[in-house]
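# Observations on the model geometry
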Amino acid sequence: MSGCADGVSKESRQIKRMFASIAHRYDLLNRLLSFSLDRRWRRLVVQRLLPSLPSKAVVLDLCTGTGDLALELSHKARVIGCDFCHPMLIVGKEKIKNSELAARVRFVEGDALQLPFPPRSFDAVTIAFGLRNLEDYTSGLREMFRVLRPGGMLVILEFSQPQIPVFKQFYLFYLTWILPKVGQCLSGKVGPYAYLPQSVKEFPDSETLERLIQQIGFTGGEYSLLTGGIVSLHLAQKPAIIPVK
Ligand SMILES: C[S@@+](CC[C@H](N)C(=O)[O-])C[C@H]1O[C@@H](n2cnc3c(N)ncnc32)[C@H](O)[C@@H]1O
């Protein structure tokens with residue numbers, strides 16, 4: 001991480017700027033480029049998390065962006081959606097304006113690597129398509145562990161790479177050649193949709209991520225591969241009793 005005076009590194013600033021530049025088109029592009037599968041993936045997060053949530057649960061949706069997962073979760077819990085990109089949060093706020101959900105979702109501007117919340121604040125932490133964008137996955141996961149109450153749940157939804165031979169080739173072709181072009185046409189920006197395939201390819205595979213989650217101290221880790229392995233959904237728990245080291 002290349003540090004600087006305000007504690008936010010150059011890489012993080014670039015990521016923030018990049019999302020700011022596409023905030024107004026982000027939802028539309030998500031729907032188009034995923035053929036609306038993104039909605040189904042987020043609904044699955046809620047379904048998987050629900051049985052573990054106490055009544056009156058408070059959930060932190062990290063890297064919430066324009067708040068799609070936060071909104072999905074808010075039917076079942078009170079949610080804080082946290083992101084460091086102001087324009088993405090503004091789009092999210094617009095979506096709940098004048099809706100009854102406004103009372104159940106609060107958006108907070110903050111850095112996932114230095115969360116502005118005390119330890120043991122949340123019953124669950126979710127992060128959808130956000131971990132890959134953190135410049136230090138381990139620090140991000142440590143922060144998630146810190147703000148979870150003992151026994152709290154972590155759910156990570158993230159891109160993965162399919163392993164089924166022909167499907168894998170087809171997907172990589174789409175990811176490398178089609179998606180950046182469509183993204184560029186509709187957002188008017190070259191960078192963000194060229195960054196997406198690169199970041200997906202560089203992100204650890206599901207097994208490696210699972211090991212990392214365990215190393216941080218989470219237990220009961222499990223993951224499922226969705227849509228032929230394009231996406232993986234990881235579920236883990238902060239132990240109810242944390243061993244003293
Ligand atoms: C691909 S978007 C995902 C948004 C949303 N979760 C979704 O499912 O559509 C990634 C988001 O992560 C945010 N992000 C990246 N690094 C971050 C950090 N260090 N702290 C907070 N937010 C961050 C970006 O601003 C962006 O809104």
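Okay, so let's go over this structure. (Residues numbered from 1 in each chain as written. Predicted model: local features only at pLDDT ≥ 70, side-chain atom pairs only at ≥ 80, totals over all residues.)

With that out of the way, let us pick up the site of the ligand. In the region of the ligand, 22 residues are neighbours, and Cys 63, Gly 65, Cys 85, Ala 112 and Ala 128 sit closest. For the shell around the ligand, the elements supplying multiple residues, two or more each, are α1 (10-22) and α4 (68-73). With four residues, α1 is the largest single contributor of residues to the shell around the ligand. Residue composition of the shell around the ligand, by class: 12 nonpolar, six polar and four charged. (Near = placed C-beta within 6 Å. Helix = DSSP H or I, 4+ residues; strand = E, 2+ residues; numbered from the N terminus. Nonpolar A, V, L, I, M, F, W, Y, C, P; charged D, E, K, R; others polar.)

Okay, helix α9 (residues 206-216) next. Taken together, the buried positions of α9 are Ser 206, Leu 209 and Ile 213. Buried residues of α9, viewed axially, fall in a sector of 60 degrees; they line one side. Exposed residues pointing more than 90 degrees away from the buried face of α9 are listed as Glu 207, Thr 208, Arg 211 and Gln 215. The elements touched by buried residues of α9 are α6 (137-147), β6 (219-226) and β7 (231-237). Where α9 ends, the next residue or the one after it, Gly 217, has phi of about 125 degrees, a positive value. (Buried ≥ 20, exposed ≤ 12 C-beta atoms within 10 Å, placed from the backbone. Arc of directions from axis to C-beta. Contact = placed C-beta atoms within 7 Å.)

Attention now goes to the pairing of β7. Most of β7 sits inside the fold, with six of its seven residues counted as buried. As paired elements, strand β5 (residues 148-159) and β7 share seven bridges and run antiparallel to each other. Across the sheet, the residue bridging to Phe 159 is Val 231, located in β7. The pairing of β6 with β7 spans six bridges and is antiparallel. Bridge pairing in β7 links Ser 224 to Leu 233. (Pairing = 2+ DSSP bridges.)

Ordered in space as β3-β2-β1-β4-β5-β7-β6, the seven strands form an open sheet in which the pairing is mixed. Of all strands in the sheet, those bounded by a partner on one side alone are β3 (105-109) and β6. Put simply, the sheet's adjacent strands are angled 15 degrees from each other on average, direction ignored. One ladder, built from five bridges, connects strand β1 (residues 58-62) with strand β2 (residues 78-83); its direction is parallel. Paired with Val 58 across the bridge in β2 is Arg 78. The strands touched by helix α3 (residues 37-49) within the sheet are β4 (122-128), β5, β6 and β7, with β5 carrying the most contacts at an inclination of about 155 degrees. (Axes fitted to C-alpha atoms, helices over the stretch in contact; angles between N-to-C directions.)

Quick look at the nonpolar core now. Within the largest apolar cluster, 54 residues are counted, with the highest numbers of intra-cluster contacts made by Leu 60, Leu 62, Val 125, Met 144, Leu 154, Val 155 and Leu 157. The leading source of residues in this core is β5, at six residues. Setting aside anything within four residues of it in sequence, one finds Val 155 in contact with Val 45, Arg 48, Leu 49, Ala 124, Thr 126, His 234 and Leu 235. Formed by five residues, the second largest nonpolar core is a distinct cluster that contains Leu 33, Tyr 193, Leu 196 and Val 200. (Core = buried A, V, L, I, M, F, W, Y, C linked by C-beta atoms within 7 Å.)

Packing of α1 against helix α8 (residues 191-202) leaves a shortest axis separation of 9 Å and a crossing angle of 125 degrees. Taken as axis vectors, α1 and α8 run oblique relative to one another. Where α1 crosses over α8, the handedness of that crossing is left-handed. In contact with Met 18, Ser 21 and Ile 22 of α1, α8 contributes Gly 191, Pro 192 and Tyr 195. (Parallel < 35°, antiparallel > 145°, perpendicular 65-115°, else oblique. Left-handed = near helix turned anticlockwise from the far one by under 90°.)

A few words now on the packing of α6 against α9. Across the interface, α6 lies against α9 with an axial gap of 10 Å and an inter-helix angle of 50 degrees. Judged by the inter-axis angle, α6 sits oblique to α9. Crossing hand, α6 versus α9: right-handed. Where α6 abuts α9, its residues Tyr 137, Thr 138, Leu 141, Arg 142 and Phe 145 lie against Leu 212, Ile 213 and Ile 216.

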